[in-house]
Amino acid sequence: MTTLSPTGAFFYDLLMHILDFLRDDYLSLYRCSLVDRTFRDSASTYLYRSVTYSPEFSPVLDLKKRNEFVEGFFASSRLSHNASLVRRVTISGFLSPRPPPLNKLSDQLKAAIESWPNIQTLVLAPKQYHESIFTEILPMLLNFPVLRDLTVNASCTNEDQAPILAQLRDLESLTIVSPSRAILQRLPEWLVELRPTLRKLHLTNSCGSVTPGVLRSFLQPLQNTTSFALGLSYSLTDDDVFQFWTDLPNLEDLEFRYYLQLRPSITPRLIRLRHFTVHYIPVMTRIDAAHMYKWVRRVISHAPLECLRLIPEFVTQGGAAVTFDPLLEHLAARHAQNLRVLDMKECFVGRTALIMLCKTCTNLEELNVAVSLETMRAFAEYSKDIRRLHTVELQVRNLKRTVLDQLDILEVAETMIQSTSSIRRVRINGTQFEVCDYFNFFLASDLSLGMICRGLTSLELTGSSGSLSRT
């Protein structure tokens, strides 16, 4: 009988697969790294692959705040045996607006990025910053041969910085948050240079400077692009956007900020579109809801759609909601075979439409909708035929607050999970319940913890007092 050596190559490869399940659990990865050298080397690959600096907002300047780049995680990530492991760097949040030399952050960021030679993904998108924070960093990016994914915002796209940024080559993904006129003027020529490699272009948030002429100037360089996103621009009509999308032959992933317009005169033929995400302001009337779901149906009518997400700009606080049943009827009739993900948590759907969706879209894996109390309680019966469904999120609408507060969410979640072995995650009105392989662990947002073993017993641990009850 052969033994598994803790220092062999096979053991290392096996350990890497195991630790991959903990790739976002940094505390557990840190503990694994303390076991021995093999565990340290394996865990370090995941511990240091992503470095994020994102300070929270502070209304006052804290002069006693420690220098985070001199000690702790940022310092260890710059050590010679860890620096080569860094693949993703994110600079966001609220940076100090103080100018140099009072603010040493710019020099510290420069030294840190210089020490990470293998950066593949770089995000430079702080919400607060000094205008010169990235002035010396941008020219350095020209010397990063493996940089493939770049995200920037106004901190990198002024008149002086845009020419430097446009010299970057070999990018596969480019995201510009609220693009300025300076970068939009250079973007068409830049896209021509990036055409051999670029597959994803996202222009997000405020895109008021993107006019019909600017949009058309992107068309030829983006013929190979598979993913495109466009934020809010009142300069564009639906006809402008629909024609642009239709002229992108390889478009598979689309993201757009919707706003109400007159009925468009054309219907886009997006015969490769598989993922469609719509950002919108929550609708409060039946007329506005009808305009929106008719618009969505028009976009996806010819698409082999696999994923549809309707994401509101803000979340409403319960109460009455207008119905989106016609959209579900369209999905059940036209996209039943391909649909895998349906995420429209602020869109209310009735029982009949949901039953039809569950009976026809049997390949669904994720479902997120708003329903009535009666529909939620009977959902376990509706979803029995969906064998791949692993994530369910339901928002209860059209219900009095007093009734909602008395709802036993744990009981409803338990019923859903026990109805089918495929469901691994249930969220009801923001309270989430997780499932593991041998036990069902329910972790609620109110710090209550329940553990249910199918068919055996039920244990519930509530609050911080540690009281335990057995049922």
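### A few points about the packing of helix 12 (residues 325-334) against helix 13 (residues 351-360)
Part 1 of the reasoning: Packing of helix 12 against helix 13 brings their axes to within 9 Å, and their N-to-C directions diverge by 20°. Put simply, helix 12 runs roughly parallel to helix 13. As helix 12 runs across helix 13, the sense of the crossing is left-handed. Mapping the contact onto sequence places D325, L328, E329, L331 and A332 in helix 12 and A353, L354, M356, L357 and T360 in helix 13.
Part 2 of the reasoning: When the residues that make up the contact of helix 12 with helix 13 are grouped by side-chain class, the tally is 7 nonpolar, 1 polar and 2 charged.

### Quick notes on helix 2 (residues 26-33)
Part 1 of the reasoning: Inspection of helix 2 places L29, C32 and S33 among the buried residues, and these make up the whole buried set. Along the axis of helix 2, the buried positions cluster into a sector of 100°, meaning they face one direction only.

### Re the nonpolar core
Part 1 of the reasoning: W245, F276 and L342 are the most contacted members of the largest nonpolar core, which totals 122 residues.
Part 2 of the reasoning: Per-element accounting of this core gives the leading share, 8 residues, to helix 11 (residues 286-300).
Part 3 of the reasoning: Those residues in contact with W245, other than ones at most four positions away along the chain, are F228, L251, L254, F256, L270, W295 and V299.
Part 4 of the reasoning: Judged by nonpolar contacts, the second largest core, of 11 residues, contains M16, F39, A43 and Y46.

### Points about the environment of S265
Part 1 of the reasoning: By the element assignment, S265 lies in the loop between strand 8 (253-257) and strand 9 (275-280).
Part 2 of the reasoning: Through-space distance from the C-alpha of S265 to that of D238 is 8.5 Å; in sequence the pair is 27 residues apart.
Part 3 of the reasoning: In terms of polar contacts, S265 uses its side chain to reach the side chain of D239, at 2.8 Å.

### Considering the pattern of salt bridges
Part 1 of the reasoning: The full count for this structure, using the stated rule, is 12 salt bridges.
Part 2 of the reasoning: Between D41 and R40 there is a salt bridge, and its shortest N-O distance comes to 3.1 Å.
Part 3 of the reasoning: The exposure class of R40 is partly exposed, given its relative accessible area of 39%.
Part 4 of the reasoning: Between E306 and R274 there is a salt bridge, with its nearest N and O atoms 3.6 Å apart. Placement of the pair is E306 in the loop between helix 11 and strand 10 (307-312) and R274 in the loop between strand 8 and strand 9, with a sequence separation of 32 residues.
Part 5 of the reasoning: You can call R274 partly exposed: its relative accessible area is 30%.

### Notes on the environment of H302
Part 1 of the reasoning: Mapping H302 onto the fold places it in the loop between helix 11 and strand 10.
Part 2 of the reasoning: For H302, a relative accessible area of 32% puts it in the partly exposed group.
Part 3 of the reasoning: Along the sequence, H302 and R269 sit 33 residues apart, while their C-alpha atoms lie 5.7 Å from each other.
Part 4 of the reasoning: Reaching out from H302, the side chain makes a polar contact with the side chain of R269 at a distance of 3.5 Å.

### Remarks on the packing of aromatic side chains
Part 1 of the reasoning: Taken as a whole and judged by the stated rule, the model has 14 aromatic pairs.
Part 2 of the reasoning: Between F242 and W245, the ring centres sit 5.7 Å apart and the planes meet at 40°, which makes this aromatic pair tilted. Residue F242 and its partner W245 are located together in helix 10 (residues 238-246), separated by 3 residues, close to a single helical turn. Grouping residues by exposure puts F242 and W245 together as buried.
Part 3 of the reasoning: Ring-pair connections join several aromatic residues into one group, and the members of that group are F242, W245, F256, Y258, F276 and W295.

The rules behind each value
- Residues numbered from 1 in each chain as written.
- Predicted model: local features only at pLDDT ≥ 70, side-chain atom pairs only at ≥ 80, totals over all residues.
- Heavy atoms only, no water.
- Axes fitted to C-alpha atoms, helices over the stretch in contact; angles between N-to-C directions.
- Helix = DSSP H or I, 4+ residues; strand = E, 2+ residues; numbered from the N terminus.
- Parallel < 35°, antiparallel > 145°, perpendicular 65-115°, else oblique.
- Left-handed = near helix turned anticlockwise from the far one by under 90°.
- Contact = heavy atoms within 4.5 Å.
- Nonpolar A, V, L, I, M, F, W, Y, C, P; charged D, E, K, R; others polar.
- Buried < 20%, exposed > 50% of the residue type's maximum accessible area, 1.4 Å probe, protein only.
- Arc of directions from axis to C-beta.
- Core = buried A, V, L, I, M, F, W, Y, C linked by side-chain atoms within 4.5 Å.
- Polar contact = N/O pair within 3.5 Å; in protein donor to acceptor, adjacent residues only side chain to side chain.
- Salt bridge = Lys/Arg side-chain N within 4 Å of Asp/Glu carboxyl O.
- Phe/Tyr/Trp six-rings, centres within 6.5 Å; stacked < 30°, edge-to-face > 60°.

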